[in-house]
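Chain residues, written in single-letter form:
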Amino acid sequence: MKQIFTFLLVLFLITACATQTDTPSPTAGQPVEQPSAEIPPTSIPATPAPAVIDAPIIEAPALVTIQFLNQMDGWGVTETQIVRTNDGGATWYNVTPADITETGYNSSLVVLDNDHAWMHLPDFSNFPNSGTLYHTKNGGLTWWSAPSPFSGGDIQFLDENNGWALADLGVATGSNAVAVFQTSDGGATW
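Let me sum up the structure you'll find in this document. Quick caveat: nothing in here was measured; it's all calculated off a predicted structure. (Residues numbered from 1 in each chain as written. Predicted model: local features only at pLDDT ≥ 70, side-chain atom pairs only at ≥ 80, totals over all residues. Heavy atoms only, no water.)

### Observations concerning the overall build of the chain
The helix and strand inventory of the chain stands at 1 helix and 12 strands. Secondary structure of the chain in N-to-C order comes out as α-β-β-β-β-β-β-β-β-β-β-β-β. The burial tally for the chain puts 34% of its 190 residues in the buried class. For the chain, contacts bridging at least 24 residues in sequence account for 38% of all contacts bridging at least 6. Of the roughly 12600 Å² of accessible surface on the chain, 58% is carried by carbon and sulfur atoms. (Helix = DSSP H or I, 4+ residues; strand = E, 2+ residues; numbered from the N terminus. Buried < 20%, exposed > 50% of the residue type's maximum accessible area, 1.4 Å probe, protein only. Contact = heavy atoms within 4.5 Å. Areas by Shrake-Rupley, 256 points an atom, 1.4 Å probe, with all protein chains shown as cover.)

Okay, structure coming up:
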């Protein structure tokens, strides 16, 4: 027991000596520097405001679908519009193609990045064999359109040119027919 007590006392003394700092003691006539009570100002970088998108602002869009690329940049679909944000959803801009009056649940939106997006609308008068694919290369400011040989399905793009579509050809007698389409020109041809 005496050995344990001695060991603990030595350990305490070693620990106490090790925590002291080696500050030189002032000599006679020299002022002693005291630590400053001031707290240095912190340098918090200002968050830059996002660039304004040259499109009409939409107040509180009723989104049907939404897709975010990161914390700030996102695209969405309402019943009648394609919208996008670059400030985390605080502000939404209407970037709908000019000739579109209805989007909603019938459309599918594919977003590659802030500039490249595609929207597909089915042609119900010729289902399942046709639709229209809209494509933008400048964030929705302008769109071009091209016919597609399918009315609906899952569309994916690897880059601005290369994409695939798993097209829904309809359901009959307990099965669902599909077809795979490929494009290498951004959806102009399949």
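### Section: a nonpolar patch on the surface
A cluster of nonpolar side chains, contributed by Leu158, Trp164, Leu166, Val178 and Val180, occupies part of the molecular surface with about 500 Å² of accessible area. Broken down by secondary-structure element, the contributors of at least two residues to the nonpolar patch are β11 (163–172) and β12 (175–183). Relative to the elements of secondary structure, leucine 158 occurs in the loop between β10 (153–157) and β11. (Patch = residues over 30% accessible without salt bridge, like charges linked within 9 Å, V, L, I, M, F, W, Y side chains within 5 Å. Salt bridge = Lys/Arg side-chain N within 4 Å of Asp/Glu carboxyl O.)

### Comments concerning the sheet that holds β10
The sheet built from 3 strands is open, its strands ordered β10-β11-β12 with antiparallel pairing. Looking at the sheet topology across the chains shown, the edges are occupied by β10 and β12. Within the sheet, the average angular offset between the axes of one strand and its neighbour, ignoring direction, is 15°. Where β11 meets β12, 9 bridges bridge the pair, whose relative direction is antiparallel. Within the sheet, the bridge partner assigned to alanine 167 lies in β12 and is alanine 179. (Pairing = 2+ DSSP bridges. Axes fitted to C-alpha atoms, helices over the stretch in contact; angles between N-to-C directions.)

### Regarding the packing of aromatic side chains
In this structure the tally under the stated criterion is 6 aromatic pairs. The interplanar angle of 85° and the centroid separation of 5.2 Å between the aromatic rings of phenylalanine 150 and tryptophan 190 together place this pair among those described as edge-to-face. Pair noted here: phenylalanine 150 is in the loop between β9 (144–148) and β10 and tryptophan 190 is in the segment after β12, with a separation of 40 residues, a long-range link. Three or more aromatic residues joined by ring pairs form one cluster here, namely Trp118, Phe150, Phe157, Phe181 and Trp190. (Phe/Tyr/Trp six-rings, centres within 6.5 Å; stacked < 30°, edge-to-face > 60°.)

### Quick look at the sheet that holds strand β4 (residues 82–85)
Read across the sheet, 5 strands follow the order β1-β5-β4-β3-β2 without closing on themselves; strand pairing throughout is antiparallel. Each edge of the open sheet is held by one strand with a lone partner, namely β1 (57–58) and β2 (65–68). Bridging between β2 and strand β3 (residues 74–77) involves 4 bridges; their strand directions are antiparallel. What sits directly across from threonine 65, in β3, is valine 77.

### Notes on the pairing of β4
Side chains Ile82 and Arg84 project from β4 onto one buried face, and the interleaved Val83 and Thr85 project onto a second face that is buried too. Looking at chain direction, β3 and β4 are connected through 4 bridges and run antiparallel. Paired with valine 77 across the two strands is isoleucine 82, which belongs to β4. Direction of pairing for β4 relative to strand β5 (residues 92–94): antiparallel, over a ladder of 2 bridges. Opposite arginine 84, over in β5, you have tyrosine 93 as the bridge partner. Count of turn residues in the β4/β5 antiparallel hairpin: 6 residues, of which glycine 88 carries a positive phi of about 75°.

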